[in-house]
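A closer look at the structure
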Amino acid sequence: MKQHFDEHCIFCKIIKGEIPSQKVYEDEQVTAFKDIHPAAPIHLLFVHKNHTQDINHTLAESPQDILDLFAAIKSYTQKERLDDRGFRIITNLGVDGGQSVFHTHFHLLAGKKLPFQLA
Ligand code: DGP
C-alpha cells in the first residue's frame, strides 16, 4: 500500500496516534474519527492514510484513495445502519469551500434530518 505522511499535518498525526481522537472505524487504508466540532448528532471524518491535500490532488496523485474512502463509508454506514434513515457526505476544497485541514477528508453527517442551509 502506498502511504505518504506529512509531518506537519494534524490528520496524519491522528492517523499515527500522535494526537488523540475518538476513532470509530479503521481498515488498512482508511481511518474515521469524530469531528472535534460536531455539526450534527453524528459527525465523523473519513481520512485516507495516504496524505493528499484535497480531492483534486487525490484524483491527480492517487485516485484509488477516493474509492477506498467511499468503500469505508459504505461499510461503516451499513454496519451502523445509518443508510436506513440516510446521511450526508461533504468535502470542502480551498478558501471558499471552507477547507481548514489540508488532508483530504469526507465529513459524514447523520442522526437527524439535516437542513440544507448555506448561510
Ligand atoms: P474542513 O473545514 O472541511 O477542512 O474540516 C476540518 C474539520 O476537522 C473541522 O470540522 C474540525 C475538525 N478538526 C480539526 N482539528 C481536529 C482535531 O484535532 N481533532 C478532530 N477530531 N477534529 C479536528
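Structure's up top.
Report follows, based on the coordinates.

So, how was this worked out
Residues numbered from 1 in each chain as written. Predicted model: local features only at pLDDT ≥ 70, side-chain atom pairs only at ≥ 80, totals over all residues. Heavy atoms only, no water. Near = heavy atom within 4 Å. Polar contact = N/O pair within 3.5 Å; in protein donor to acceptor, adjacent residues only side chain to side chain. Areas by Shrake-Rupley, 256 points an atom, 1.4 Å probe, with all protein chains shown as cover. 1 Å grid on protein atoms, 1.4 Å probe; cavity = no way out; pocket = protein on both sides within 12 Å on 5 of 7 lines; lining within 4 Å. Sits in = over half its atoms within 2 Å of the grid points. Helix = DSSP H or I, 4+ residues; strand = E, 2+ residues; numbered from the N terminus. Nonpolar A, V, L, I, M, F, W, Y, C, P; charged D, E, K, R; others polar. Phe/Tyr/Trp six-rings, centres within 6.5 Å; stacked < 30°, edge-to-face > 60°. Buried < 20%, exposed > 50% of the residue type's maximum accessible area, 1.4 Å probe, protein only. Lys NZ or Arg CZ within 6 Å of the ring centre and 35° of its normal. Points joined across faces, edges and corners; volume = space filled by probe spheres on them. Core = buried A, V, L, I, M, F, W, Y, C linked by side-chain atoms within 4.5 Å. Contact = heavy atoms within 4.5 Å. Pairing = 2+ DSSP bridges. Axes fitted to C-alpha atoms, helices over the stretch in contact; angles between N-to-C directions.

On to the site of the ligand. Contacts to the ligand come from 15 residues, most closely from K34, D35, N92, S100 and H107. With respect to the ligand, the side chain of D35 contributes an N or O atom lying 2.5 Å from an oxygen atom. A distance of 2.9 Å separates an oxygen atom of the ligand from a polar backbone atom of V101. Contact with the protein chains hides 84% of the accessible area of the ligand, taken as 510 Å² for the molecule alone. Most atoms of the ligand, that is more than half of them, are within 2 Å of grid points of the largest pocket. Secondary structure elements with two or more residues in the shell around the ligand: α1 (10-16), β2 (30-34) and β5 (105-110). A per-element tally of the shell around the ligand places α1 first, with 3 residues. Of the residues belonging to the shell around the ligand, the class tally is 7 nonpolar, 6 polar and 2 charged.

On inspection of all chains with the given rule, the structure shows 5 aromatic pairs. The interplanar angle of 65° and the centroid separation of 5.9 Å between the aromatic rings of F46 and Y76 together place this pair among those described as edge-to-face. In this pair, F46 is assigned in strand β3 (residues 42-48) and Y76 in helix α3 (residues 64-79), connecting sequence segments 30 residues apart. Using a relative accessible area of 9% as the deciding quantity, one classes Y76 as buried. Three or more aromatic residues link up through ring pairs in this structure, and these residues are Y25, F46 and Y76. One Lys or Arg, K16, reaches over the ring of F5 and ends 4.8 Å from the middle of that ring.

The next thing to look at is the layout of surface pockets. Within this model, the largest pocket holds a volume of roughly 370 Å³. For the largest pocket, the lining is made up of 19 residues, of which F11, F33, D35, I36 and L45 are closest to its centre. Within the residue set of the lining of the largest pocket, elements represented by two or more residues are α1, β2 and β5.

This next bit is on the nonpolar core. Of all hydrophobic cores here, the largest spans 14 residues; its most connected members are Y25, V30, F46, Y76 and L108. Listed by contribution, the elements that provide at least two residues to this core are β2, β3, α3 and β5. Per element, the largest residue contribution to this core is 5 residues, and it comes from α3. Setting aside chain neighbours within four positions, we find Y76 in contact with V24, Y25, L44, F46, L82 and L108. Counting residues in hydrophobic clusters, the runner-up holds 9 residues, among them C9, C12, L45 and V47.

Right, let's talk about the sheet that holds strand β4 (residues 88-90) for a bit. Spatially, β1-β2-β3-β5-β4 is the arrangement adopted by the 5 strands of the open sheet, whose pairing is antiparallel. Both edges of this open sheet fall to β1 (23-26) and β4, since each of them pairs with a single strand only. Each neighbouring strand pair of the sheet contributes to a mean axis angle of 20°, computed without reference to strand direction. Relative to β3, β2 is paired through 5 bridges, and the arrangement is antiparallel. The residue of β3 that forms the bridge with V30 is H48. Against the sheet, α3 touches β1, β2, β3, β4 and β5, its axis set at about 145° to β3.

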